[in-house]
Every structure is written in structure tokens, then in C-alpha cells.
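# Coordinates in review
Each chain, written out:
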Amino acid sequence: MDATFLKLLEVQNQDEKIYDLNFRISQIPAKIEVKEAELQALEDSLKNAKSESLQVQAKIHDQEVAIQKCNDDIQKLYAKAETVKNNDDYRSLMDQVKDEKQKIVDIEDQELELMEALEGAKARFSEAQEVHNQNAAVVKKGIQEIRDLESGLKSELSSLKSQRDEFAGSVKDVDALRRYERLVAKEVAPGVFRKAFATVIHGACGQCHLTISADLILKAKSHPGKAMCSNCGSYLYILPETAKVE
Ligand SMILES: [Zn+2]
């Protein structure tokens with residue numbers, strides 16, 4: 001067996017692990033984004049419920065100010081009534097008092113409706129608070145777990161990379177190593193590692209899974225890593241121990 005080929009196969013083995021780690025790391029920001037959107041939604045609904053409650057309270061306050069103004073106006077009208085000289089003026093002032101009192105009644109009706117609305121808003125706020133309390137901590141913990149996973153994967157990646165580079169440094173045939181590196185650098189599909197060397201599995205290429213000819217199978221066995229799959233361009237091989245599986 002060609003010693004360089006066996007070494008390159010080991011480099012490929014490590015490169016595949018590195019590729020998978022990189023791919024998993026690349027998926028992490030999207031996962032965190034989903035969790036952060038969940039957290040944002042929880043906070044938004046809490047904020048909305050609170051502002052709904054505050055808005056209704058502000059309206060009730062405005063109504064109370066309006067009632068107070070009506071009462072002040074009524075007092076002024078009574079004071080004025082004590083100074084008028086004729087009945088017509090007096091009656092006109094009393095009509096105005098009546099109008100102000102009607103205004104108060106109308107405002108109080110609206111205020112009752114607002115009180116009911118406030119009850120509803122408060123109930124929704126406490127419900128949102130409960131949902132927030134229950135879920136925000138879980139989502140935050142989930143985010144932390146993803147970040148922990150990310151840093152674990154990154155440190156695994158960095159030690160694997162240095163192991164790989166050290167091992168690749170032991171490959172004497174530098175040209176063969178470069179050829180190998182050019183082949184694995186070709187993109188197949190996201191998340192799919194491009195193998196320079198593909199083993200033959202049940203008569204099919206281990207990279208593209210297409211059936212290969214009997215001639216190629218023989219060559220993969222006699223000269224592992226020299227016969228190229230005509231479909232995907234990976235170099236086929238059958239190692240003595242995998243030959244039994246084939
Ligand atoms: Zn193939």
C-alpha cells in the first residue's frame with residue numbers, strides 16, 4: 001500500500017471532522033437569532049400590555065381633571081348668580097349649571113367604561129408577566145447553552161486544526177498533498193464535505209453514491225486512490241479490510 005496515500009487518507013479523515021465542526025459552528029448564529037427573537041417577542045408583549053394599562057390610566061386621569069373643571073365652573077356660575085340683578089340672567093346661569101352637571105354625568109359614564117377597560121388591561125398585563133417570567137429564563141438558558149456549545153466546538157476545532165496541520169506536515173510528497181487540498185476545497189453542497197478519496201461502498205462511489213464500473217472497482221482495489229470516479233471526480237479506493245464489506 002502507498003504510504004503517501006494512507007497518510008492523505010488520514011489527513012482527509014481529519015479534514016472531514018474539521019469541515020463538520022465548521023459547518024456546525026456556522027449554523028449557530030441563526031439558532032441564537034431564533035432564540036433572541038423569542039425573547040424579544042416575550043418582552044414586547046409584556047411592554048405592550050403595560051403600555052395599554054398606562055394609556056387607560058392616563059385617560060381616566062384626564063376624565064377626572066375634566067370633572068374637576070366642570071365642578072369649578074359650576075362654583076363660579078353659582079358665585080356669579082348671587083350678583084345678577086334680573087331673572088333672565090339668573091335662569092341663563094342656572095341653565096349653564098345644568099349643562100355642566102350633564103357633562104359630569106356623561107364623563108362619569110365614559111369613566112365607568114374606562115374602569116372596565118383598565119381591569120381587562122391589568123389582567124392581560126399580569127398574564128403577560130406570568131408568561132414572561134416562565135419563559136424568558138428558559139429562553140435565556142437556551143441561548144447560554146448554544147453559546148457554550150459554540151465555544152466548545154471552537155476549542156475542539158482549534159485543537160483538531162493544529163493536530164491536522166502537524167500530521168499533514170509529515171506527508172513527504174508535498175505535491176500530492178497540494179493536489180489533495182485542491183480537490184477537497186471544491187464545494188459540493190452546504191454541509192457536504194468534498195472527499196478527494198472516496199471508498200467504494202456496495203459497488204458505488206462513497207462520495208456521489210453512483211454505481212461504478214467493474215473495471216474501476218478492480219483498479220480501486222489494485223491501485224487505491226488512483227482510479228477517478230467519472231461522475232464526481234473523487235479518487236476511488238478499496239482498502240484490504242473494507243474489501244470484505246464491498
Ligand atoms: Zn463519485
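Just so it is clear, the structure is predicted and the values come from calculations on it, not from any experiment. Every residue gets a number counted from 1 within its own chain, in the order that chain's sequence is written. Confidence filtering applies because this is a predicted model: local features only for residues at pLDDT of at least 70, side-chain atom pairs given and counted only at 80 or more, and all residues used for totals across whole chains, interfaces and linings.

## Looking at the overall build of the protein
Secondary structure elements follow DSSP: runs of H or I of four or more residues count as helices, runs of E of two or more count as strands, with numbering from the N terminus. Helix and strand counts for the protein stand at five helices and four strands. Counting from the amino terminus, the protein carries its helices and strands in the arrangement α-α-α-β-β-α-β-β-α. The quantity called the radius of gyration is restricted to C-alpha atoms. Its globule counterpart is 2.2 Å times the number of residues to the power 0.38. Computed over C-alpha atoms, the radius of gyration of the protein comes to 40 Å, more than 25% over the 18 Å expected from 2.2 N^0.38 for 246 residues, which places it beyond the range of a compact globule. A principal-axis box enclosing the C-alpha atoms of the protein has dimensions of 130 × 35 × 30 Å.

## Details of the sheet that holds strand β2 (residues 204–205)
If DSSP finds at least two bridges between two strands, the strands pair. Strand order in this open sheet of four strands is β2-β1-β4-β3, and the pairing throughout is mixed. Two strands lie at the open edges of the sheet, namely β2 and β3 (227–228), each paired on one side alone. Bridging between strand β1 (residues 197–201) and strand β4 (residues 235–237) involves three bridges; their strand directions are parallel. Across the sheet, residue F197 finds its bridge partner in β4, namely Y235.

## Notes on the nonpolar core
With 18 residues, the main nonpolar core has F197 and L236 as its most contacted residues. When residues of this core are traced back to their parent elements, those giving at least two are α1 (3–81), β1 and β4. The leading source of residues in this core is α1, at four residues. A pair of residues counts as a contact when their C-beta atoms, built from backbone coordinates, are within 7 Å of each other. Dropping the residues within four chain positions of it, L236 is found in contact with A198, V200, C205, I212, L216, A220, A227 and C229. Each nonpolar core consists of buried Ala, Val, Leu, Ile, Met, Phe, Trp, Tyr and Cys residues. Their C-beta atoms, within 7 Å, join them into a set. In this scheme every C-beta is placed from the backbone, and a residue whose C-beta has 20 or more other C-beta atoms within 10 Å is buried, one with 12 or fewer is exposed, and one in between is partly exposed.

Any link to function would need more than the numbers given here.
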